[in-house]
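# Per-entry structural report
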Amino acid sequence: MASPEETVALMAPTRRPMTADALRTPTGTRPDLTSRKHIHNLVVGFYRELIMDEVLGPIFEEVAEVDWSKHIPLLIDYWCRVLLGHQTYQGAILVAHRHVHDQQAFTADHFDRWYSFWVATIDQTWAGPLAEQAKSHAAKVGGSLARQLPRIVWEPTQGTTCPITKSMPVNV
């Protein structure tokens, strides 16, 4: 597991396109999200791109004032619980998001952008049942938060694209 300092360094904003070449198997296929290392790379890559977004970046950086050295390990633990059955996550998703929503109300556009980034990040590097489960679970989380916070009905829209990688359709 990366130290808090390493996690912050990994979060340094970049505009390099994400690539799966380094993770491809000898047969050239994309791996599934089968290890904590894979999930670490997913979470760090996702948030590295998200904080550069003109809409979502300010919510994380200015409204929520996220401490990335604490937030990233917590999210890695969360996704390891969801995908790998690890029991290390200690958090409350609704409480954390309610705090941010109370300062700046979430909209359907926020959920669309967040989910589009998530799917694009997964699809660029990973493939398989756990990658699909990560996308499906994120859609459920987004829908639940939308119902409970802004009290809207939200679900992913087929064919939307990630704001950074406009040419990459989102597959749900």
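In this text, all values refer to a predicted model and were calculated from it rather than measured experimentally. One numbering rule holds for all chains: residues counted from 1, following each sequence as written. Only residues with pLDDT of 70 or above have their local features reported here, since the model is predicted, and side-chain atom pairs are shown and tallied only from 80 upward, although totals for entire chains, interfaces and linings are computed over all residues. Each side-chain value is derived from all of the structure's non-hydrogen atoms; neither hydrogens nor water enter the calculation.

## A word on the packing of helix α4 (residues 68-84) against helix α7 (residues 129-148)
Which entries qualify depends on this criterion: Fitted lines through C-alpha atoms give the axes, limited to the stretch in contact for helices. The angle between two N-to-C directions lies from 0 to 180 degrees. Secondary structure elements are defined from DSSP: runs of H or I of at least 4 residues count as helices, runs of E of at least 2 residues count as strands, and each element is numbered from the N terminus. Should the near helix be turned counterclockwise from the far one by less than a right angle, the crossing is left-handed, whereas a clockwise turn marks it as right-handed. Any two residues having at least one pair of non-hydrogen atoms within 4.5 Å are treated as being in contact. Under the scheme applied, nonpolar residues are Ala, Val, Leu, Ile, Met, Phe, Trp, Tyr, Cys and Pro; charged residues are Asp, Glu, Lys and Arg; polar residues are all the others, including Gly.
Interhelical geometry of α4 versus α7 gives an angle of 115 degrees and a closest axis separation of 10 Å. Both α4 and α7 take part in a crossing whose hand is right-handed. Contacts between α4 and α7 involve Tyr78, Trp79, Val82, Leu83 and Leu84 on the former and, on the latter, Leu130, Gln133, Ala134, His137, Ala138 and Val141. Of the residues belonging to the contact of α4 with α7, the class tally is nine nonpolar, two polar and no charged.

## Describing α7
Think of an α-helix as 3.6 residues a turn; residues three or four steps apart then line up on the same face. Operational definition: Expected helix span is given by 1.5 Å per residue-to-residue step, counting one fewer step than there are residues. For every residue, the accessible area obtained with a 1.4 Å probe (protein chains only) is divided by the maximum for its type, and the residue is called buried under 20%, exposed over 50%, and partly exposed between those limits.
For α7, with 20 residues, the first-to-last C-alpha span of 28 Å sits near the 28 Å given by 1.5 Å per residue. Within the span of α7, buried status applies to Leu130, Ala131, Ala134, Lys135, Ala138, Ala139, Val141, Gly142, Gly143, Leu145 and Ala146. In this structure, the buried residues of α7 make contact with α4, α5 (93-103) and α6 (108-125).

## Re the packing of aromatic side chains
Filter applied, for reference: Classification of ring pairs rests on two measures: the distance between centres of Phe, Tyr or Trp rings, Trp counted by its six-membered ring, which must be within 6.5 Å, and the angle between planes, read as stacked under 30 degrees, edge-to-face over 60 and tilted in between.
The tally for this structure, following the rule as stated, stands at 11 aromatic pairs. Relative to Trp68, the ring of Tyr47 has its centre 5.5 Å away and its plane inclined at 50 degrees; by these criteria the two rings are tilted. Of this pair, Tyr47 sits in helix α2 (residues 36-50) while Trp68 is found in helix α4, placing the two residues 21 residues apart along the sequence. Taking relative accessible area as the criterion, Trp68 reaches 10% and is therefore assigned buried. For the pair Phe111 and Trp154, a centre-to-centre distance of 5.8 Å together with 40 degrees between the ring planes defines the contact as tilted. In this pair, Phe111 is assigned in helix α6 and Trp154 in the segment after α7, connecting sequence segments 43 residues apart.

## Some remarks on the nonpolar core
The condition is simple: Among buried residues, those of type Ala, Val, Leu, Ile, Met, Phe, Trp, Tyr and Cys that are joined through side-chain atoms within 4.5 Å constitute a nonpolar core.
In this structure, Tyr47 and Trp79 are the most contacted members of the largest nonpolar core, which totals 44 residues. At the level of elements, α2, α3 (56-63), α4, α6 and α7 are the ones that each hand at least two residues to this core.

## Details of the packing of α2 against α4
The description of two packed helices rests on the angle between their axes and on the distance between the axes. Note the cut-off: To sort the angles, those under 35 degrees are grouped as roughly parallel, those over 145 as roughly antiparallel, those from 65 to 115 as roughly perpendicular, and the leftovers as oblique.
It is at 9 Å that the axes of α2 and α4 come closest, and there the two elements cross at 130 degrees. In terms of axis orientation, α2 runs oblique to α4. The way α2 lies across α4 gives a crossing that is right-handed. For the pair formed by α2 and α4, the contact residues are Arg36, Ile39, His40, Val43, Val44 and Tyr47 on the first element and Trp68, His71, Ile72, Pro73, Leu75, Ile76, Asp77, Trp79, Cys80, Leu83 and Leu84 on the second.

## Remarks on α3
By the burial criterion, the buried members of α3 are Leu56, Gly57, Ile59, Phe60 and Val63. Here the buried face of α3 lies against α2, α4, α5 and α6. Count one or two residues on from α3 and you reach Glu65, which has phi positive near 50 degrees.

## Re the environment of Ala139
With respect to the helices and strands, the residue Ala139 is situated in helix α7. Taking the C-alpha atoms as reference, Ala139 lies 9.1 Å from Phe111; in sequence the two are 28 residues apart.

On their own, these measurements won't tell you what the molecule is for.
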